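Inside the fold
Okay, here's what each chain looks like letter by letter:
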Amino acid sequence: MDAQKVMVFSLAMRLSSFVNLAMLILVSTCASVALGVTAFSSSVAQASSFEAANNTVNEGRVISAEKQNQSVNFKRDEKINVAVAANFAKPLKSIAEQFTELTGIEVAVTVSSSGTLYAQIQHGASFDVFLSADRARPQALVDNNVVHHGNLVDYAKGKLAFVYAGDLSSEAFSEISSKTSGERNCEQIARSSTGDTTAQINVQLTDCLSRQLVQLMENPQNKVAIANPKLAPYGDAAQQALQNLSLWQQFLPHRVMGKNVLQTLQFYTTGSVKGAFVAYSLALDLPADLSSNLPSNFNSVVNTKSADAVTVIVPVPETLYQPIIQSLVVNSKTVATLSPNLFEPLPNKNAAAPVDEPVLKGDKETTRAFRLSDANGVSSPSLFVQYLMSQGVQHSLIEWGYEPTIASGVGN
């Protein structure tokens, strides 16, 4: 009887082990199936996207081979850090938004003077791209082996302007006009459409700007703002202009210095100064009437009526300062991938065609839509520079008060 109990107990234990093993196999199988469904679901999502793309191709067999080979524009979920000189902050904001919309790559922007940003990079700041207001600082980063020499690009050419409040030009020329008919003030010269050559206009503007500054500085209370020449290239250009006009020493008692051109412009718009040397691109955004922005004592300080408190923009002749070539660097010791430019039209297409718009060539339609799938191996900072240097973006710089540095492509 005891032996039978032992056998029954042994069989029960074996049966229990078998059941446990079966349960383990069942659980393992279910888990594998579940994992397979997840992986498959992800594949389904991708397959659906590719199927949609293929359907588009199948619907139009006459579409060019370039279009048939286009893949889905998957976007990168990434973020890059871009440091930019103050003068170019506004254009960069617009350009960065367009870039993010197109690629999915977010752009975090830091704005300061070129000198400050340069010093931060030297001390290890993790900016991916540095857009300076000059070429000297990016070049110095290359020379000091902080970045690869192939990562330096000229992206824009800036212009210097002098802005002032009040119709001072009429006062400056009132005595001259009584003796000489047909004399024009600075603003009229700048807007001249009389057919004068650039050289003739520059000569007239130089003389007019000099007279204007002298007249303004006759009042000891009048202040003029300038960006710090040691930190801001536009401040350096302003100093060069004043020195070439032989007015630097006379200017010093009237000087108010900003750390960058944005602060310099703020001194002017708040009425702290009567005039300011700023980037021409920033001057374009100034309201014509400053009366609402000026403090109550501004008129008594500058001895002008509120009705005269209007902004006059005088482009400083480029003969008075060295060209302001603005350069950037991709902040890496590894060479950036800047060519071929993935945002440019396809070869043999109309060079002026904007990205993503079709061009008819014979009876065949071709297009150059940006495809992130083409950017495998291209870093996000490199893509950002490619976009900035694309023909469409470069051409748009004119509207912001800059000149493109090159006609097409990427160059130093």
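Described in the following lines is the structure provided in the data block. (Residues numbered from 1 in each chain as written. Predicted model: local features only at pLDDT ≥ 70, side-chain atom pairs only at ≥ 80, totals over all residues. Heavy atoms only, no water.)

Brief notes about the overall build of the chain
For the chain, the helix and strand inventory stands at 15 helices and twelve strands. Relative to its full complement of 412 residues, the chain shows a buried share of 42%. Long-range pairs, those at least 24 residues apart, make up 74% of the contacts in the chain between residues at least 6 apart in sequence. Roughly 21400 Å² of accessible area belongs to the chain as shown, and the carbon and sulfur atoms make up 54% of that amount. (Helix = DSSP H or I, 4+ residues; strand = E, 2+ residues; numbered from the N terminus. Buried < 20%, exposed > 50% of the residue type's maximum accessible area, 1.4 Å probe, protein only. Contact = heavy atoms within 4.5 Å. Areas by Shrake-Rupley, 256 points an atom, 1.4 Å probe, with all protein chains shown as cover.)

Topic: the sheet that holds strand S1 (residues 79-85)
Read across the open sheet, the five strands follow the order S2-S1-S3-S10-S4; overall the sheet is mixed. Looking at which strands have only one partner, the edges of the open sheet turn out to be strand S2 (106-112) and strand S4 (152-158). Here the average twist between neighbouring strands, direction ignored, is 20 degrees. With seven bridges connecting them, S1 and S2 associate as parallel partners. Bridge pairing in S2 links Lys-79 to Glu-106. Helix H3 (residues 89-103) rests against S1, S2 and strand S3 (129-131) of the sheet, and its axis sits at about 170 degrees to S2. (Pairing = 2+ DSSP bridges. Axes fitted to C-alpha atoms, helices over the stretch in contact; angles between N-to-C directions.)

Remarks on empty space enclosed by the protein
As enumerated under the stated definition, the model contains one cavity of 30 Å³ or more in all. Within this model, the largest cavity holds a volume of roughly 50 Å³. What lines the largest cavity is simply Ala-85, Ala-86, Asn-87, Ser-112, Ser-113, Ser-114, Ala-133, Ala-232, Pro-233, Tyr-234, Asn-260 and Val-261. In terms of residue class, the lining of the largest cavity is made up of seven nonpolar, five polar and no charged. (1 Å grid on protein atoms, 1.4 Å probe; cavity = no way out; pocket = protein on both sides within 12 Å on 5 of 7 lines; lining within 4 Å. Points joined across faces, edges and corners; volume = space filled by probe spheres on them. Nonpolar A, V, L, I, M, F, W, Y, C, P; charged D, E, K, R; others polar.)

Notes on the layout of surface pockets
Computed from the structure, the largest pocket encloses a volume of approximately 280 Å³. Considering every element that reaches the lining of the largest pocket, the biggest residue donor is helix H8 (residues 198-217), with four residues. Residues belonging to the lining of the largest pocket are distributed by class as follows: nine nonpolar, two polar and two charged.

Considering the nonpolar core
Among the nonpolar cores identified, the biggest contains 82 residues, and Phe-88, Leu-131 and Leu-383 are the most heavily contacted of them. The biggest single contributor to this core is H8, with seven residues. Apart from the residues lying within four places of it in its own chain, the contact partners of Leu-383 are Arg-76, Phe-99, Ile-105, Leu-342, Phe-343, Phe-370, Leu-372, Ala-375 and Val-378. (Core = buried A, V, L, I, M, F, W, Y, C linked by side-chain atoms within 4.5 Å.)

With respect to a nonpolar patch on the surface
Together, Val-109, Val-111 and Leu-262 make up an exposed nonpolar region whose accessible area comes to about 200 Å². Here Val-109 is to be found in strand S2. A relative accessible area of 36% places Val-109 in the partly exposed class. (Patch = residues over 30% accessible without salt bridge, like charges linked within 9 Å, V, L, I, M, F, W, Y side chains within 5 Å. Salt bridge = Lys/Arg side-chain N within 4 Å of Asp/Glu carboxyl O.)

Observations concerning helix H11 (residues 261-269)
Think of an α-helix as 3.6 residues a turn; residues three or four steps apart then line up on the same face. Within H11 the residues assigned to the buried category are Val-261, Thr-264, Leu-265 and Tyr-268. Down the axis of H11, the buried side of the element spans an arc of 95 degrees, and every buried residue falls inside it. Sitting at the head of H11, Asn-260 places a side-chain oxygen 3.0 Å from the backbone nitrogen of Leu-262. Positive phi shows up at Gly-271, right after H11, with a value of about 85 degrees. (Arc of directions from axis to C-beta. Polar contact = N/O pair within 3.5 Å; in protein donor to acceptor, adjacent residues only side chain to side chain.)

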